[in-house]
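What follows is the residue order along each chain.
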Amino acid sequence: MAEPCNTITISFFRFGQSADLEIELDNENDRQLTELKTEEGKIEKLALFYDGENIKGKVKINLRTPGKKLEHQGIKIEFIGQIELYYDRGNHHEFISLVKELAHPGELSQSTSINFEFINVEKPYETYSGNNVRLRYFLRASLSRRISDIAKELDIGVNTLSQYPDINNSIKMEVGIEDCLHIEFEYNKSKYHLNDVIVGKIYFLLVRIKIKYMELAIIKREQTGTGANVYHENETVAKFEIMDGAPVRGESIPIRLFLANYELTPTLKDVNKKFSVRYYLNLVLIDEEDRRYFKQQEIVLWRKARGAKDLSSSLKKIAVKLKKLVKYL
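Residues numbered from 1 in each chain as written. Predicted model: local features only at pLDDT ≥ 70, side-chain atom pairs only at ≥ 80, totals over all residues. Heavy atoms only, no water.

Peer 1: I'm lost on the overall build of the chain in this one. Help?
Peer 2: Regarding its fold elements, the chain presents one helix and 22 strands. Considering only intrachain contacts with a sequence separation of at least 6, the fraction spanning at least 24 residues in the chain is 68%. Here the chain has roughly 20100 Å² of accessible surface; of this, 46% comes from carbon and sulfur atoms. (Helix = DSSP H or I, 4+ residues; strand = E, 2+ residues; numbered from the N terminus. Contact = heavy atoms within 4.5 Å. Areas by Shrake-Rupley, 256 points an atom, 1.4 Å probe, with all protein chains shown as cover.)

Peer 1: It is not clear to me how the pairing of strand β20 (residues 268-271) should be interpreted in this structure. Could you clarify?
Peer 2: Regular strands place side chains that alternate from one sheet face to the opposite one. In this structure, β20 lies alongside strand β21 (residues 275-287), joined through two bridges in antiparallel fashion. Residue L268 lies in a different strand from β21, and its bridge partner there is V277. Linking β20 back to β21 in an antiparallel pair, the connection comprises three residues, with N272 at a positive phi of about 50°. (Pairing = 2+ DSSP bridges.)

Peer 1: How should the side chain of N159 be read in this particular structure?
Peer 2: As for its position among the elements, N159 is in strand β12 (residues 150-159). Setting aside anything within four residues of it in sequence, one finds N159 in contact with T34, L48, F49, Y50, E126 and R303.

Peer 1: Got a minute to help me understand the sheet that holds strand β4 (residues 55-63) in this structure?
Peer 2: Note on sheets: strands pair through backbone hydrogen bonds, and any given pair is parallel or antiparallel. Taken in spatial order, the three strands of this open sheet run β1-β4-β9, and their pairing is antiparallel. The sheet is open, and its two borders are formed by β1 (19-25) and β9 (112-118), each paired with just one other strand. Recorded for the sheet is a direction-independent mean angle of 20° between the axes of neighbouring strands. Sheet topology places β1 next to β4; seven bridges connect them, and they run antiparallel. Residue E24 lies in a different strand from β4, and its bridge partner there is K58. (Axes fitted to C-alpha atoms, helices over the stretch in contact; angles between N-to-C directions.)

Peer 1: Looking at this model, I keep getting lost on the environment of I255. Mind explaining?
Peer 2: With respect to the helices and strands, I255 occurs in strand β19 (residues 252-258). Overall, I255 belongs to the buried group, its relative accessible area being 3%. Sequence separation between I255 and Y187 is 68 residues, and the spatial gap between their C-alpha atoms is 8.4 Å. Dropping the residues within four chain positions of it, I255 is found in contact with Y187, I198, V199, G200, I202, L216 and I242. (Buried < 20%, exposed > 50% of the residue type's maximum accessible area, 1.4 Å probe, protein only.)

Structure, rendered in structure tokens:
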């Protein structure tokens, strides 16, 4: 009977040269950071960039075994803007893809670093991580080899800035049940920057049901996909009680809500035809039999640019001054 053969497997790659890649941004320690919640719920801090801003830095290639050469088929860096729908993870939808060749095929005999710069880079959308979708921008450095490539990715954050809207009308609505309840509520405007304050009032014109309490909530509505594959996800970002006890006819209740206290993003409408994020004010009344009466109104949120001025507010002040002057003439 033949003796069993002892099989010896030799890895031809164990003794070869390999390397680790790093991507380092210029002025990384001085750059402002932004926080983004990952899919796992962890907070990730990313270097912050804006639309049109250059992206500059260096790719470091660190050889693992000193004294040994590393053959490669080329070194490059890419800048990618990508949307990932969680229900369709196999497909990543790229809306930006830029490539820079850093080195032609050759050999590396020692660790080195190579500078790169992407100039006036378009970044049309804000980075976003939601319940069903993620929009990310990242740099990917790669060193090509005959057998397997070496790659490294680095995510960056992007904020989109806006100016004060030219038109910002107030919101006036009514909640009513015939012969039982008639409420009017008013908010000072319909578009708010992320550090703004929502100011409003609720007027009770007719109250013939016993109201137990009233609350105001900010609802975030995320819509992903198109056609038959549309998914809606509602999330209550903020909720607080604005009244406890039964109101009487003629009573009014002030509302003052500071948006800076909550994790909000700008309103995102039809981003690359893949997803939208909208916000709603939801006013809810609960009576003593726990019946709920509510009214919902969409608001627009935007990120204020530094130095942006509220022209509509300035024009109102000018109009008031003109009226006073007219009285004296």
